[in-house]
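Here is what each chain is made of, one letter per residue.
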Amino acid sequence: MDPAERGTGRDETPEERADRMWVDLIQEVRVAQTGVQILFGFLLTVAFTPKYTTLNDTDQAIYITTVVLGASATGALIGPVSLHRLVSGRRIKPRAVAWASRLTFVGLLLLLATMTCALLLILRVATHGDHVVWLVVAVVAWYLLCWFGLPLWARFRHTSK
């Protein structure tokens, strides 16, 4: 459909739009937040397993990096909830939605980095093969396509903003 034929969109005030966008954002955050919290929980247990002490220095460095990235992703994805709670009723919801949206985007980038490092570590420990890097690159390419490529394509192809 031609953008000119789509009309002007919803008939809502800036406050109504902020309310709608906030609900949408929180639903999105719930999905990502649950995933990152489960992954982070599993990561925290690895250091307490007998296998951890047998990891070489490189694998331990990858593990530590993964844990720090997971903690950072968790913070960024929980941030919008805290932001909403602390600014609720202060009449700044449109700005709060923009801030929360940015935090969520940063959280997704950190989640991507966490999952990349976790996959790298697991495949290095499980296979010890030269193909590990190529497997990780393929999976990261898939994540980038699903998380950013397709949404950006749809955004530029089907919207005027």
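Bear in mind the structure is a predicted one, so any value in this text is a computation, not a measurement.

Asks: When you look at the pattern of salt bridges in this model, what are you seeing that I'm missing?
Replies: Opposite charge on two side chains permits pairing when their charged atoms draw close. On inspection of all chains with the given rule, the structure shows four salt bridges. In this structure, the salt-bridge partner of Arg20 is Asp24, at a minimum N-O distance of 4.0 Å. Of the two residues, Arg20 and Asp24 are both situated in helix α1 (residues 14-46); the distance of four residues between them amounts to about one turn of the helix. Salt bridges here are not isolated pairs; linked through shared partners, they connect Glu12, Arg20 and Asp24.

Asks: Help me out: how do you make sense of helix α3 (residues 93-127) in this one?
Replies: An α-helix turns once per 3.6 residues; consequently, residues spaced three or four apart project the same way. The terminal C-alpha atoms of α3 lie 49 Å apart, and with 35 residues this matches the ideal 51 Å at 1.5 Å per residue to within 8%. Along α3, the residues that are buried comprise Ala96, Val97, Ala100, Thr104, Gly107, Leu111, Leu112, Thr114, Cys117, Ala118, Leu121 and Leu123. Looking at the residues trailing α3, positive phi occurs at His128, about 55°.

Asks: Help me understand the nonpolar core, please; the structure alone is not making it clear to me.
Replies: As a rule of thumb, soluble globular proteins bury nonpolar side chains together. By size, the foremost hydrophobic cluster in this structure holds 11 residues: Ala18, Trp22, Leu25, Ile26, Val29, Leu83, Val87, Ile92, Ala96, Val97 and Ala100. At the level of elements, α1, α2 (57-87) and α3 are the ones that each hand at least two residues to this core. In terms of residue count, α1 provides more of this core than any other element does, five residues in total. The contact partners of Val29, leaving out residues within four places of it in the chain, are Leu77, Pro80 and Thr104.

Asks: Explain the environment of Trp142 to me, please; I cannot follow it from the model alone.
Replies: Turning to its location among the elements, Trp142 is positioned in helix α4 (residues 132-158). Residue classification places Trp142 among the exposed positions, given a relative accessible area of 53%. As a C-alpha pair, Trp142 and Phe40 span 102 residues in sequence and 21 Å in three-dimensional space.

Asks: What am I meant to see in the state of the cysteines here?
Replies: As used in these notes, a disulfide is a covalent bond between sulfur atoms, one from each of two cysteines. In the structure shown here, the tally under the stated rule is zero disulfides. For the unlinked cysteine Cys117, the closest cysteine sulfur is that of Cys146, found at 19 Å. In this structure Cys117 comes out as buried when scored by relative accessible area, which is 17%. When its relative accessible area of 36% is taken as the criterion, Cys146 is described as partly exposed.

Asks: So what exactly am I meant to see when it comes to the packing of aromatic side chains here?
Replies: Geometry of an aromatic ring pair is reported as the spacing of the ring centres plus the angle between the planes. Counted under the stated rule, the structure contains four aromatic pairs. Each ring, one from Tyr52 and one from Tyr63, has its centre 5.2 Å from the other, and the planes form 65°; the classification is edge-to-face. You can see Tyr52 sitting in the loop between α1 and α2 and its partner Tyr63 sitting in helix α2, a full 11 residues away along the chain. This pair shows no difference in class: Tyr52 is buried, exactly as Tyr63 is. Each ring, one from Trp147 and one from Phe148, has its centre 6.5 Å from the other, and the planes form 70°; the classification is edge-to-face. On the basis of relative accessible area, Phe148 is assigned to the buried category, the value being 14%. Among the aromatic residues, ring-to-ring pairing joins Phe105, Tyr143, Trp147 and Phe148 into one connected group. Positioned above the aromatic ring of Phe156, the side-chain terminus of Arg155 is 6.0 Å from the ring centre.

Definitions and limits used
- Residues numbered from 1 in each chain as written.
- Predicted model: local features only at pLDDT ≥ 70, side-chain atom pairs only at ≥ 80, totals over all residues.
- Heavy atoms only, no water.
- Salt bridge = Lys/Arg side-chain N within 4 Å of Asp/Glu carboxyl O.
- Helix = DSSP H or I, 4+ residues; strand = E, 2+ residues; numbered from the N terminus.
- Expected span 1.5 Å × (residues − 1).
- Buried < 20%, exposed > 50% of the residue type's maximum accessible area, 1.4 Å probe, protein only.
- Core = buried A, V, L, I, M, F, W, Y, C linked by side-chain atoms within 4.5 Å.
- Contact = heavy atoms within 4.5 Å.
- Disulfide = S-S within 2.5 Å.
- Phe/Tyr/Trp six-rings, centres within 6.5 Å; stacked < 30°, edge-to-face > 60°.
- Lys NZ or Arg CZ within 6 Å of the ring centre and 35° of its normal.

So, to be careful, I would describe these as geometric facts and stop short of saying anything about function.
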